Amino acid sequence: QLISAFLFAFSSRELFSPSQKYQLLVYHADSLFHDKEYRNAVSKYTMALQQKKALSKTSKVRPSTGNAASTPQSQCLPSEIEVKYKMAECYTMLKQDKDAIAILDGIPSRQRTPKINMMLANLYKKAGQERSSVTSYKEVLRQCPLALDAILGLLSLSVKGAEVASMTINIIQSIPNLDWLSVWIKAYAFVHTGDNTRAINTICSLEKKSLLRDNVDLLGSLADLYFRAGDNKNSILKFEQAQMLDPYLIKGMDVYGYLLAREGRLEDVENLGCRLFNISDQHAEPWVVSGCHSFYSKRYSRALYLGAKAIQLNSNSVQALLLKGAALRNMGRVQEAIIHFREAIRLAPCRLDCYEGLIECYLASNSIREAMVMANNVYKTLGANAQTLTLLATVCLEDPVTQEKAKTLLDKALTQRPDYIKAVVKKAELLSREQKYEDGIALLRNALANQSDCVLHRILGDFLVAVNEYQEAMDQYSIALSLDPNDQKSLEGLQKMEKEESPTDATQEEDVDDMEGSGEEGDLEGSDSEAAQWADQEQWFGMQ
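Residues numbered from 1 in each chain as written. Predicted model: local features only at pLDDT ≥ 70, side-chain atom pairs only at ≥ 80, totals over all residues. Heavy atoms only, no water.

(A) Seen up close, unusual backbone geometry. Unusually for a residue other than glycine, N177 sits at a positive phi of about 60°. Tracing the chain through its elements places N177 in the loop between α11 (169-174) and α12 (180-192). Backbone geometry places K298, a non-glycine residue, at a positive phi of 65°. (Helix = DSSP H or I, 4+ residues; strand = E, 2+ residues; numbered from the N terminus.)

(B) Highlighting the nonpolar core. I359 and L444 are the most contacted members of the largest nonpolar core, which has 97 residues in total. When residues of this core are assigned to domains, at least three map to each of domain 1 (349-353 + 363-434) and domain 2 (435-499). If near-sequence neighbours (up to four positions away) are discounted, I359 is found in contact with A371, M374, A375, L391 and V395. In terms of nonpolar packing, the next biggest core, distinct from the first, is built from 35 residues, V159, A189, V191 and L218 among them. (Core = buried A, V, L, I, M, F, W, Y, C linked by side-chain atoms within 4.5 Å. Buried < 20%, exposed > 50% of the residue type's maximum accessible area, 1.4 Å probe, protein only. Domains from an automatic or database assignment. Contact = heavy atoms within 4.5 Å.)

(C) Quick peek at the UniProt feature "repeat: TPR" (unreviewed entry) in the chain. Within this structure's numbering, the places UniProt gives as "repeat: TPR" (unreviewed entry) are residues 318-351 and 454-487. For residues 318-351, helix accounts for 79% and strand for 0%, while the C-alpha atoms at its two ends are 9 Å apart. End C-alpha to end C-alpha, residues 454-487 measures 8 Å, and it is 79% helix and 0% strand. (UniProt positions renumbered as here; feature names shortened; annotations may be inferred.)

(D) Structural view of the side chain of D453. On the secondary structure map, D453 appears in the loop between α27 (437-447) and α28 (454-466). Buried within the structure, D453 lacks any salt-bridge partner; its nearest side chain of opposite charge belongs to R262, at an N-O separation of 6.8 Å. At 3.1 Å, the side chain of D453 and the backbone nitrogen of V455 are in polar contact. When near neighbours in sequence (up to four residues on either side) are disregarded, D453 contacts I421, L448 and L483. (Lys, Arg positive; Asp, Glu negative; His and termini not counted. Salt bridge = Lys/Arg side-chain N within 4 Å of Asp/Glu carboxyl O. Polar contact = N/O pair within 3.5 Å; in protein donor to acceptor, adjacent residues only side chain to side chain.)

(E) Looking closely at the packing of helix α2 (residues 18-34) against helix α5 (residues 80-93). Between α2 and α5, the shortest axis-to-axis distance is 12 Å and the interhelical angle comes to 25°. In terms of their interaxial angle, α2 and α5 are classed as roughly parallel. As for how α2 packs across α5, the hand of that crossing is left-handed. Here Y22, V26, D30 and F33 of α2 come into contact with α5, specifically with E80, V83, K86, E89 and C90. Partitioning the contact of α2 with α5 into residue classes produces five nonpolar, no polar and four charged. (Axes fitted to C-alpha atoms, helices over the stretch in contact; angles between N-to-C directions. Parallel < 35°, antiparallel > 145°, perpendicular 65-115°, else oblique. Left-handed = near helix turned anticlockwise from the far one by under 90°. Nonpolar A, V, L, I, M, F, W, Y, C, P; charged D, E, K, R; others polar.)

(F) Main features of the environment of M118. With respect to the element layout, M118 can be found in helix α7 (residues 114-126). Looking at M118, the relative accessible area reads 16%, which means it is buried. With near-sequence residues (within four places) excluded, M118 lies in contact with Y137, V140, D149 and A150.

(G) Broad picture of the pattern of salt bridges. For the structure on display, the rule yields 24 salt bridges. Between K126 and D97 there is a salt bridge, with the nearest N and O atoms lying 3.3 Å from each other. With K126 in helix α7 and D97 in helix α6 (residues 97-105), this residue pair connects regions lying 29 residues apart in the sequence. Of the residues examined, K126 reaches a relative accessible area of 37% and is grouped as partly exposed. With relative accessibility at 18%, the residue D97 sits in the buried group. Measuring nitrogen to oxygen at the nearest pair gives 3.0 Å for the salt bridge that ties R265 to D268. For D268, a relative accessible area of 31% puts it in the partly exposed group.

(H) Focus on the packing of aromatic side chains. If you walk through the whole model with that rule in mind, you get nine aromatic pairs. Geometrically, the ring pair formed by F33 and Y38 is edge-to-face, given 5.4 Å between the ring centres and 70° between the ring planes. Counting every residue linked through ring pairs, the aromatic cluster contains F227, Y258, F295, Y296 and Y300. It is K309 that lies over the ring of W287; its NZ or CZ is 5.4 Å from the centre. (Phe/Tyr/Trp six-rings, centres within 6.5 Å; stacked < 30°, edge-to-face > 60°. Lys NZ or Arg CZ within 6 Å of the ring centre and 35° of its normal.)

(I) View of α2. Taking 1.5 Å as the rise per residue, α2 with 17 residues should run 24 Å; its terminal C-alpha atoms sit 25 Å apart, in good agreement. Listed as buried for α2 are S19, Y22, Q23, L24, L25, V26, H28, A29, S31 and L32. (Expected span 1.5 Å × (residues − 1).)

So, in structure tokens, the structure goes:
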């Protein structure tokens, strides 16, 4: 109805003055923007700017009549700079970033507001123009020293934490109770250099301060850092705390959903996805969470679609890129998957899971040399920690020549973090190849002493089978299935054990048959009952 009114107004142009026509064009464009008709909105904004240009020429030529009533009207006219900003917004929605940069670059530096500089900084960063991006972020901070997004932008572009802090020192000293900001900058400087341990410690110290206790943003950052450090248990705990404090929280819920899916908690993942969709379906996170549910339910085509939808909503969503890449890899489209993992690395160069996905693609395509080069680069870039050591060892395990090197790397990783599950799994794999089952059992029991993990229980079951400890092996498979009912390997292991038990029962029955006449018919009946029980269990497992 509003757009119809504007169209009627334009059909009666003689009723309006030039300045009113300019206003109507801007209002019309705003309405189109609201209705997501971005191309049409750009057209109307362009017409408005042309009308404003003509209006300016007219006002210069026509001498002032001294009419005071015209002054308020001219002051109420929409700003030409604001119109250009809205045009840039349209271009970004149309993914025409070059056009958006061009329109904002046309605004003189002195006339650029903080939000214009912020948009320019983000666009420059996305285009890889880091120097221009840094300049724009610094300009935002000059105008607004407490602009936290600008601080994070500078830190993400490798600007030193001390330099960023120096730009906010005056405001910190002039406002009471703002001393936490310098510590906050220090914490996120660690985040962007990949020093997860120091970042976690610094943020934990911030969280203890009364002003920032139960701060949802800090809890979300802590959860993400624990995830990057491979501490999934604490990561889930912090996400749950943040979610309890803010039931409408969307940021970071894609990572939370992924962690739940990895643990086999698919019902929780489904509930989380439904809750997020009820909040908003215009963010990438709900689509990623639903995609994780599909991926871990082995519905890779659906996971691929949901990942693509998430990327469409937010092309900078690292978790969406990883989801789509993993789905493509599992569907055998490895080269396409590699493109997505490389883009994820570009966006998040300090996230190890991005490199893990790419290396898995290389290994899947037997490109061991490329995988080794990438693993070595990660090791050198992110430092020698339990995660990078394990990643390098994973590649070394693929080549018989580098088996000993893999063993050394895994020992180093487990020395640093004895509870790091990926390192334990790879060390167990190596011990299995060497048939050192007793050593493997000791390793797994030690790892399970302070944590419970489906994969570790399943591997322990495999090792126990190898040393003929069948009953305990069945117990371990059962525990694994209780943690993740969808773990196919644990189910197969348990079914195999059940099938091996059945012939044993039959043999026992034959022995009892030979003793018929000895007055032990009651034992025979008991054996029949037991055999029937095992048969029922075997049938049940076969149906799963």
